[in-house]
Each structure stands twice: as structure tokens, then as C-alpha cells.
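In case you want the letters, here they are:
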Amino acid sequence: MRAGDEGEADLTDEATYESVRSPSRRGLLRLSAGVGLTAGLSAFGGRPVAAATGIVKPLPPELFIEHGTNAEMRWEAMRGQGYLTPADRFFVRNHVATPLLDARTWRLRLWGTGLRGSPAEDRPLEFSYADLRRFPAETITSFIECTGNGRGSYASQQGQEVSGTGWRLGAAGVAQWRGVRLSAVLRRAGITREAVDIMPRGLDADFVDKGENLGRVRRPLPVAKAMKDALLAYEMNGAPLPPDHGHPVRLVVPSWVGIASIKWLGDIQVADEPLFSPWNTRYYKLFGPSYPEEGSPPLTRMNVKSAFELPWDAVLPGRPHVLHGRSWSGNGRVRRVEVSADGGRTWRRARLQDRHPNPRGWVRWELPWRPPRPGRYELLARATDETGATQPATVPYNTFGYLFGAVVRHPVTIA
Ligand SMILES: Nc1nc2c(c(=O)[nH]1)N[C@H]1C(S)=C(S)[C@@H](COP(=O)(O)O)O[C@H]1N2
Ligand SMILES: [Mo]
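These lines cover the structure that appears in this document, whether it is placed above or below. Treat the numbers as computed from the prediction; the structure is a model and nothing was measured.

### Remarks on the nonpolar core
By size, the foremost hydrophobic cluster in this structure holds 74 residues, and its most contacted members are Leu-108, Leu-110, Leu-182, Val-185, Ile-198 and Val-270. Taken together, the elements giving at least two residues each to this core come down to strand 2 (70-73), strand 3 (107-111), helix 4 (129-133), strand 6 (172-181), helix 6 (182-188), helix 7 (223-229), strand 11 (231-236) and strand 14 (265-271). Here this core spans two domains, since at least three of its residues come from each of domain 1 (14-281) and domain 2 (305-414). Discounting residues that sit within four places of it in the chain, Ile-198 has contacts with Leu-182, Leu-186, Arg-219, Pro-220, Leu-221, Val-223, Ala-226, Ile-268, Gln-269, Val-270 and Leu-275. Counting residues in each nonpolar core, the second largest holds 20 residues, with Leu-316, Val-363, Tyr-377 and Val-412 among its members.

Printed below as a string of C-alpha cells:
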């Protein structure tokens, strides 16, 4: 595969072409000033289709639930799939619209006081896409999960009103990511011992929250995590990164809150002092009566979660079933999954299908179930990870509804 050719392969696909949306085009026009742009309008015939989401890929209703600029995967779409979440059904979480960038003119810019010689923002070190592809490649399998995944359950299970997208559990997916270790690029760029934080920033348009322009999406990451296992990814599941997932290059920060995995990466500030942005001060911290006035520390690892590969409010025939699901944790491997079909009175151990689960991915599980009689049921799944962390019955409220790690009560009807 030749560097630089990849983006076009996706974008000439008829379905993708048809679904290109006007908000994306706005992002594209805005970026045409300084940053590498796609063949752009010509690649799309100059007449992108208007739509509300700003997402490029098709969002068929059997695979997705749309939430404004975001799209959640329906969990039944994982039934019969292998270990990985195919890109066509991987959730999309966009603060603004997907920009269309051209790998051929794209550059990654590194600057700041944590690099030798302290290159200034307007005189950065630059790496082209081809430069990155010349580094040794590495492949990792890792989940990306939105910090607010499961948020809808604060209202539906705990009666609490929280702000943000009311996701069920479909704001998570596992993919195989191929790219370059961030540590290799930071070393090549001359990272110093004094460096403490990096701040990766996306090339999507400025994020405006209730009229206030907060600039481009960017979130500080401690150098220790950056050097440990973060990846500059240019492929997802063996294909070039699709536009909605960060084409041409995104960061993948395994096990951490999804906001750390900055898409459409444009530049990285490397600093010898702590860095701040709204995404580690105002958002992605826990606020509320259970937390300090200034909020919890910025969130890092995701918590333990489980999901059934069933439609929400599924209607199932009254014969025996095999229930399928997946569980994952930002702390490492899931060791045990229990399922209850009687509201949590009795629990049965599910069979784990992945013998040596990937600590950064999920584990698939199954359990036979014979529904006793027709009617409404709530199916519960509770996972425990290798650190002993498990899913409680309830979680403390926080204003943004982050990290809903409690057992989710999945409604089904037996006909
Ligand atoms: N540049 C940029 N990067 C971003 C975002 C964004 O809006 N802009 N959203 C973040 C959030 S909140 C999440 S959960 C993940 C979602 O990744 P996905 O859309 O590939 O599933 O991307 C993160 N990276
Ligand atoms: Mo997110």
C-alpha cells in the first residue's frame, strides 16, 4: 500500500460519496487555508449531501442511533461479528464535523518547551504522512470508549438528570490499530527529561459551547502515558483510517477515556510544565456533591462495563436462548462475568469465550437462558476485572454523567 493513496480509496466508495455532508464541507473549507486538504470538493463532485450529523459514513438505522453530531452503535450489530468492531458500525463521537484531510499534504507538527531547542508553535518540527510510515509499524488491539458511554442510565436507572449525549452502551468499540508508537516520534523530535505533559490537538473546527469558542479539541496527556503505549494510528482493522475516525492519523490512548484519543491529529505541544485545556479542567472530570468543589482529578482509565448483544427492548420467543455479550475494563483483563435474569436476586457465571483476553480489549461471553414464562424481564450482566474492580448496582451522581459503571438493566420481552 502506498502512503498517501489511502484516503481516496475510501472516499470514492459510492455510499460514502452519497453520505458526505455539508457540515464536513464547512470544516474542509475552513481548513483549506493552512492545513492539508483532500482532493476535497473535486473528490466529492463539489456537491456534498446535506445532513445534520457532520458524519461522513452511512448511518443505517439498523446499526446506529444518531445523537446530534454523534452516532452510537446498536449492540445487536455485534451479534455474529468476530472480536473486532467493524469500522462500518464503530461509534462516532464528534465535537464538530468530520473534516476531510489529505494525507499527501497533511503534516504532524511538534513544538514546545519539552523538546530540545524549544521549537516555537510557528516554527515546529514537521513529519509528513510518508515520514511516519517510515518508522517501524506497530499493531495493537484496543477499545476506544466515550467517557459518557452508558450516560442514559443515570436517568433511566437512577432518576438523575445529567448533561450530555444520552448514550446507552454503544459508545464503545474494539479495533485493531496500526501505526507508529508516539514514544518513537517524541524521541525523534528530541523530547527532554524535563517534559511533563503533551497536548495533542485535532484539525477539526473550533468547538463552540453555548456561544463560547473553546478552540480546537485538545487534551493534555502526561508524558508517562504518552511514552508507555500511545499509538499514532493510520490504519483501523487493516484499512486506512476512515474520515470519521481521524484520517489520516489519530492518537490511540489504550484503556483511557476516549477524549484522549485525539482524531485528525494536527500538532502536539510538548511542555516542561503542566498543560491545561477545557478538556482537562472543565470537562472530563467528575463534578457534584460527591466530589471536591474543583472536581475530581482529570479522568484517565475507563471503568468496568458489560453489554448484551441484543436490541434494547428486544422481543424474544419463549424458547431457550444463548445470551451473548462482551465486557471490558480500562484496568485490564475481565476475569469473571455473571448474569442475572431475575433483577439481581440470583447470578449465574457466563462462559468466557476468549481464553486469554486482551487487557486493552474486551472479552466475549455467553450463557444459556431458558425464560420461565412470557413477560417483561431485565437482563443484568456484571463483570469483574483482574484488579477485582466490579460493577456495582448504582454509581454516585456526577453532573456530566461520566463513567456509568453500574450494572445496566437491559429490558427484554418474552413473547
Ligand atoms: N479532534 C477530535 N478528536 C476527538 C474528538 C473530537 O471531537 N475531535 N472526540 C473525542 C471523543 S470524546 C471520543 S469518545 C473519541 C471517539 O472516537 P471515534 O469517533 O473514532 O469513535 O474521539 C476523541 N477524539
Ligand atoms: Mo468521548
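Resuming the write-up.
### A closer look at the sheet that holds strand 3
Strand order in the open sheet formed by five strands is 4-3-14-7-10, with mixed pairing between adjacent strands. The open sheet has two free edges, formed respectively by strand 4 (125-128) and strand 10 (221-222), since each of these has just one partner strand. The sheet contact formed by strand 3 and strand 14 spans three bridges and is parallel. Following the sheet pairing, Trp-111 is matched in strand 14 by Gln-269.

### As for the side chain of Arg-218
Here Arg-218 is to be found in the loop between strand 9 (212-213) and strand 10. Of the side chains bearing the opposite charge, Asp-206 lies closest to the buried Arg-218, which forms no salt bridge; the N-O distance is 7.2 Å. A distance of 2.8 Å separates a polar side-chain atom of Arg-218 from the backbone oxygen of Leu-214. Discounting chain neighbours no more than four positions away, the residues touching Arg-218 are Met-199, Pro-200, Arg-201, Ile-262, Ser-277, Pro-278 and Trp-279.

About the thresholds
- Within every chain, residues take consecutive numbers counted from 1 along the sequence as written.
- The naming scheme follows written order: chains are lettered A onward, ligands numbered 1 onward.
- In view of the model being predicted, local features appear only for residues whose pLDDT reaches at least 70, and side-chain atom pairs are presented and counted only at 80 or more, with totals across whole chains, interfaces and linings using the full set of residues.
- Heavy atoms from the whole structure form the basis of all side-chain values; hydrogens and water molecules are not counted.
- As used here, the term nonpolar core means buried Ala, Val, Leu, Ile, Met, Phe, Trp, Tyr and Cys residues forming a set that is joined through side-chain atoms within 4.5 Å.
- Note on classification: 1.4 Å probe, protein chains only; a residue is buried when its accessible area is under 20% of the maximum for its type, exposed when over 50%, partly exposed between these limits.
- To qualify as a helix, a DSSP run of H or I must reach at least 4 residues; to qualify as a strand, a run of E must reach at least 2; elements of each kind are numbered from the N terminus.
- All the domain ranges listed were derived from an automatic or database domain assignment.
- Should any heavy atoms of two residues lie within 4.5 Å, those residues are considered in contact.
- Only strands joined by at least two bridges in the DSSP assignment are considered to pair.
- As used throughout, the charge tally considers Lys and Arg to be positive and Asp and Glu to be negative, leaving His and the chain termini uncounted.
- Take a side-chain nitrogen of Lys or Arg and a carboxyl oxygen of Asp or Glu: if they are within 4 Å of each other, that pair is a salt bridge.
- Distance and chemistry together define a polar contact, namely a pair of N or O atoms within 3.5 Å, with one atom able to donate a hydrogen and the other to accept it when in protein, and with adjacent residues in sequence counting only for side-chain atoms on both sides.

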